[in-house]
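# Survey of secondary and tertiary structure
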Amino acid sequence: MLGELTPAGFTVTPDPALADIIIVNTCSFIASAVDESVDEILELAEFKKTGRCERFIVTGCLPERFREALAESLPEVDAFLGTGAYHEITEVLTHPPEQGFCLLPPLAGLPIQTHNTPRTPSTSSMAYLKVTEGCNRHCTYCIIPKLRGKLRSRTITDIEIEARHLISSGFKELVIIGQDTGCYGQDLASNLPANVRIHESLPRLLEKIAEISSDTWIRFLYGSPDTTDEKLIRTVAAHENICSYFDIPIQHVSDRILNRMGRHYDKNDLLRLFDNIRKIIPDAALRTTIMVGFPGETDNDFTQMLDFIKTVRFDHLGAFTYSDAEDLSSHGLSGHVPEKIAQKRHHVLMSAQADISAEKNLNHIGHIYPVLVEEQMEAELFTGRTSFQAPEVDGIIYIDSADAAVGEFADVKICDALEYDLRGETL
Ligand code: SF4
């Protein structure tokens, strides 16, 4: 949307009191995201009464999921744009619809971007590079395929053009994302006859992007257990500038619960996978995401999961409690877990992970790592990330330095370890 609005002459202010137009881009993946989105809408809608705001727009997954029902409950909103309508933002602002007008295209999913799609990154130092849109799987707890449509991959040639442009604009890290990044290219291959089939795959894509500049970190997020094969692991191992970082959401380890979730692997597959990654890349950083309180989860299932994380010892772990909704197929499953029990399990799991993370962080003390410096906090204090810390979701490094440069790499010696963050100094 920034890419559309900036060339059309709109300027951005971070202060909603000064804005003529307020746009709230929303998420509706889980109940807490829906609540947060609605709270933000109600809070910012006040600026229509007290500020300069003349038009108030809500975009993204919330209107895509709840459609007309949302429009009825939020009369202060002038226009809604679903996930397939981001490119309509300039039209909606230059030719405002009547109050209450609801611009929602059919649920076709977000049109896939190309290198020609106008883009104004809202990050500095690192940029996200979206390579797929949508997902062909049917995890029973997930609304994403309904909102984003089937898997659609960009070609490597197209992604490469955008990657070159981002690198030449000064970005030092490209973070490759999609809803199910590991499946990158599967749709392109199946759409073509076998004799002309192009083999677009994540390993090939990573290789191509990594070759553009050895001074740029390449990282991919949202892999999956069944697509992280030996070829992918060896591709990461073979390239110095591809971060040895594997983000593989497993959700659960109990075979019974994985089956109910519609995930097609079992606990032994997972043990073999993480073992194999560490065999090929002993210092690889592992990140996962786990869900507690899924319908039918017993104490035994939960204990299996707790034992598993103590065995594998992930470097980073995020956990959620199951979020129920009528439009999910998991809603109809038996054995819904009371919220109180799910919260307790979440607490036990995260406490165990906090201990693991703190112990692992202690091991970094005394080591020297290249760090991407991202922000200056005070005169001689900066923050940044190593290759084993992904943006926004993992810890950071506090850097004591007189001369670090934001947006550049620096060699940092680790001096102290906090629960999730590290502290170090430049050499
Ligand atoms: S793979 Fe991810 S995006 Fe796709 S359905 Fe499962 S949880 Fe949702």
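Calculation rules
Residues take numbers from 1 onward in each chain, read along the sequence in its written order. Local features in this predicted model are restricted to residues whose pLDDT is 70 or higher, and side-chain atom pairs enter the listing and the counts only when it is 80 or higher, whereas totals over whole chains, interfaces and linings include all residues. An automatic or database domain assignment provides the domain bounds reported here. Counting from the N terminus, the helices are the DSSP runs of H or I reaching at least four residues and the strands are the DSSP runs of E reaching at least two. Each residue gets one of three labels, nonpolar for Ala, Val, Leu, Ile, Met, Phe, Trp, Tyr, Cys and Pro, charged for Asp, Glu, Lys and Arg, and polar for the others, Gly among them. Using C-beta atoms placed from the backbone, we call a residue buried if 20 or more other C-beta atoms fall within 10 Å of its own, exposed if 12 or fewer do, and partly exposed for counts in between. Paired strands, in this sense, are two strands between which DSSP finds at least two bridges. Here is how to tell: hold the view so the strands point away, follow the path from the first strand over the helix to the second, and if it runs clockwise the crossover is right-handed. Think of a nonpolar core as buried Ala, Val, Leu, Ile, Met, Phe, Trp, Tyr and Cys residues chained together by C-beta atoms that fall within 7 Å. What counts as a contact here is a pair of residues whose C-beta atoms, placed from the backbone, lie within 7 Å. As used here, the arc is the angular range of directions from the helix axis to the C-beta atoms.

### Considerations on the domain arrangement of the protein chain
When the domains of the protein chain are assigned, the result is domain 1 (2-103), domain 2 (126-362) and domain 3 (368-426). Spacing between the C-alpha centres of domain 1 and domain 2 amounts to 30 Å. Top contributing element to the side of domain 1 that touches domain 2 by residue count: helix H4 (residues 61-73), with 3 residues. Taken together, the residues of the side of domain 1 that touches domain 2 break down into 4 nonpolar, 1 polar and 2 charged.

### Things to note about the pairing of strand S11 (residues 285-292)
Burial of S11 is extensive: 7 of the 8 residues sit out of reach of the surface. Direction of pairing for strand S10 (residues 245-247) relative to S11: parallel, over a ladder of 3 bridges. The partner of aspartate 247 across the bridge, within S11, is arginine 287. Relative to strand S12 (residues 316-321), S11 runs parallel, the two being bridged by 6 bridges. Pairing of threonine 289 across the sheet is with glycine 318, part of S12. Where the polypeptide runs from S11 across helix H13 (residues 299-312) and back to S12, its parallel neighbour, the crossover connection is right-handed.

### Here we look at unusual backbone geometry
Despite not being glycine, tyrosine 222 has its phi angle at roughly 65°, a positive value. Summarising the element assignment, tyrosine 222 is placed in the loop between strand S9 (217-220) and helix H10 (230-238). The class for tyrosine 222 is partly exposed, based on 18 C-beta atoms found within 10 Å. Positive phi outside glycine occurs at arginine 313, with the angle close to 55°.

### What to know about the nonpolar core
Formed by 73 residues in total, the largest nonpolar core has its most connected members in Leu129, Leu174, Leu205, Leu206, Ile218 and Val371. Taken domain by domain, the makeup of this core includes at least three residues from each of domain 2 (126-362) and domain 3 (368-426). Residues contacting leucine 174, with those up to four places away along its chain left out, are Ala127, Leu129, Ala163, Leu166, Ile209, Thr216 and Ile218.

### Things to note about the environment of leucine 44
Tracing the backbone through its elements, the reader meets leucine 44 in helix H2 (residues 31-45). C-beta crowding within 10 Å serves as the criterion here: with 19 such atoms nearby, leucine 44 is assigned to the partly exposed category. Contact partners of leucine 44, with chain neighbours within four places excluded, come to Pro16, Ile22 and Val24.

### Some thoughts on helix H9 (residues 202-212)
Within H9, the full set of buried residues consists of Leu202, Pro203, Leu205, Leu206, Ile209 and Ala210. One side of H9 carries all its buried residues, which in axial view fall inside an arc of 160°. In this structure, the buried residues of H9 make contact with helix H7 (156-168), strand S8 (173-177), S9 and H10.

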